[in-house]
Amino acid sequence: MEKKMNQLEKTARKWLEERGVKPEQIAELVYYLQQNYHTNLTMDECLENVDRVLRKREVQNAILTGIQFDLLAEQGKLEEPLQSIILSDEGLYGIDEVLAFSIVNIYGSIGFTNYGFIDKQKPGVLKYLNDKSTGMCHTFLDDIVGAIAAAASSRLAHRAANTE
Ligand SMILES: [Mg+2]
């Protein structure tokens, strides 16, 4: 039954993994967001919803674009002033969030609530991505991962509402 993965999806998944983010860790964020709203929620269900989100072209495009900027900033290859802005994860920049909204948008407006909440709390892998002491730049990736978790949570919530 497994649909054949195209090159875009394969690369997006590979890049996520190479930057230290496993689908299971995003599933943990979904569980964190949704555990109080669904009785008997399982990690398998959370992972299935993350998987579905990762199959979307918009999401794959956002992953590749965001990680590319993080990598170039890490390598010092961007032009100033953008280089310093992205490398220091300057608070007023905001384009990392705008890119992440292209993911949050997919399953409707409840995604925004989930995204805002998880962005404030920074549980699990988001804490790791915000740890500046690793020497890596995750200015874009932290928002993308939060957005994937928010979108997967929305998908899960919509589906639960339709089957109840
Ligand atoms: Mg960010």
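What you see is a predicted model, and the numbers here were worked out from it, not measured in a lab. (Residues numbered from 1 in each chain as written. Predicted model: local features only at pLDDT ≥ 70, side-chain atom pairs only at ≥ 80, totals over all residues.)

Moving on to the overall build of the protein. Looking only at helices and strands, the protein features nine helices and zero strands. Relative to a compact globule of 164 residues, whose C-alpha radius of gyration would be 15 Å, the protein shows 16 Å and is just as compact. On the principal axes, the C-alpha backbone points of the protein span a range of 55 × 35 × 25 Å. Counting all 164 residues of the protein, 35% fall into the buried class. (Helix = DSSP H or I, 4+ residues; strand = E, 2+ residues; numbered from the N terminus. Rg over C-alpha atoms; globule rule 2.2 N^0.38 Å. Buried ≥ 20, exposed ≤ 12 C-beta atoms within 10 Å, placed from the backbone.)

The subject of this paragraph is the packing of helix 1 (residues 7–18) against helix 4 (residues 57–74). Two numbers describe how helix 1 lies on helix 4: the axes approach to 9 Å, and their chain directions differ by 45 degrees. On the basis of their axis angle, the class for helix 1 and helix 4 is oblique. In this structure, helix 1 meets helix 4 at a crossing whose hand is left-handed. Of the residues in helix 4, those in contact with Leu 8, Glu 9, Thr 11, Ala 12, Trp 15 and Leu 16 of helix 1 are Arg 57, Gln 60, Ile 63, Leu 64 and Ile 67. Looking at side-chain class alone, the contact of helix 1 with helix 4 contains seven nonpolar, two polar and two charged residues. (Axes fitted to C-alpha atoms, helices over the stretch in contact; angles between N-to-C directions. Parallel < 35°, antiparallel > 145°, perpendicular 65-115°, else oblique. Left-handed = near helix turned anticlockwise from the far one by under 90°. Contact = placed C-beta atoms within 7 Å. Nonpolar A, V, L, I, M, F, W, Y, C, P; charged D, E, K, R; others polar.)

This part is about the environment of Gly 111. In this fold, Gly 111 is placed in helix 7 (residues 110–121). A residue is classified by how many C-beta atoms lie within 10 Å of it, and Gly 111, with 24 of them, is buried. It is 24 Å that separates the C-alpha atoms of Gly 111 and Arg 19, two residues lying 92 residues apart in sequence. If we skip the residues at most four places from it in the chain, Gly 111 touches Val 104, Asn 105, Ala 150, Ala 151 and Ser 154.

Another aspect to go through is helix 6 (residues 95–104). Those residues of helix 6 lying buried are Asp 96, Ala 100, Ile 103 and Val 104. All buried residues of helix 6 lie within an arc of 90 degrees about the axis, which places them on one face of the element. (Arc of directions from axis to C-beta.)

One finds Ile 26, Val 30, Ile 144, Val 145, Ile 148, Ala 149 and Ala 152 to be the most contacted residues of the largest nonpolar core, which totals 38 residues. Put simply, the parts of the chain that give this core at least two residues each are helix 1, helix 2 (23–34), helix 3 (43–54), helix 4, helix 6, helix 7, helix 8 (125–129) and helix 9 (141–163). Here the element with the most residues in this core is helix 9; it accounts for eleven residues. Setting aside residues no more than four positions away along its own chain, Ile 26 makes contact with Val 21, Val 50, Val 145, Ile 148, Ala 149 and Ala 152. (Core = buried A, V, L, I, M, F, W, Y, C linked by C-beta atoms within 7 Å.)

Any link to function would need more than the numbers given here.
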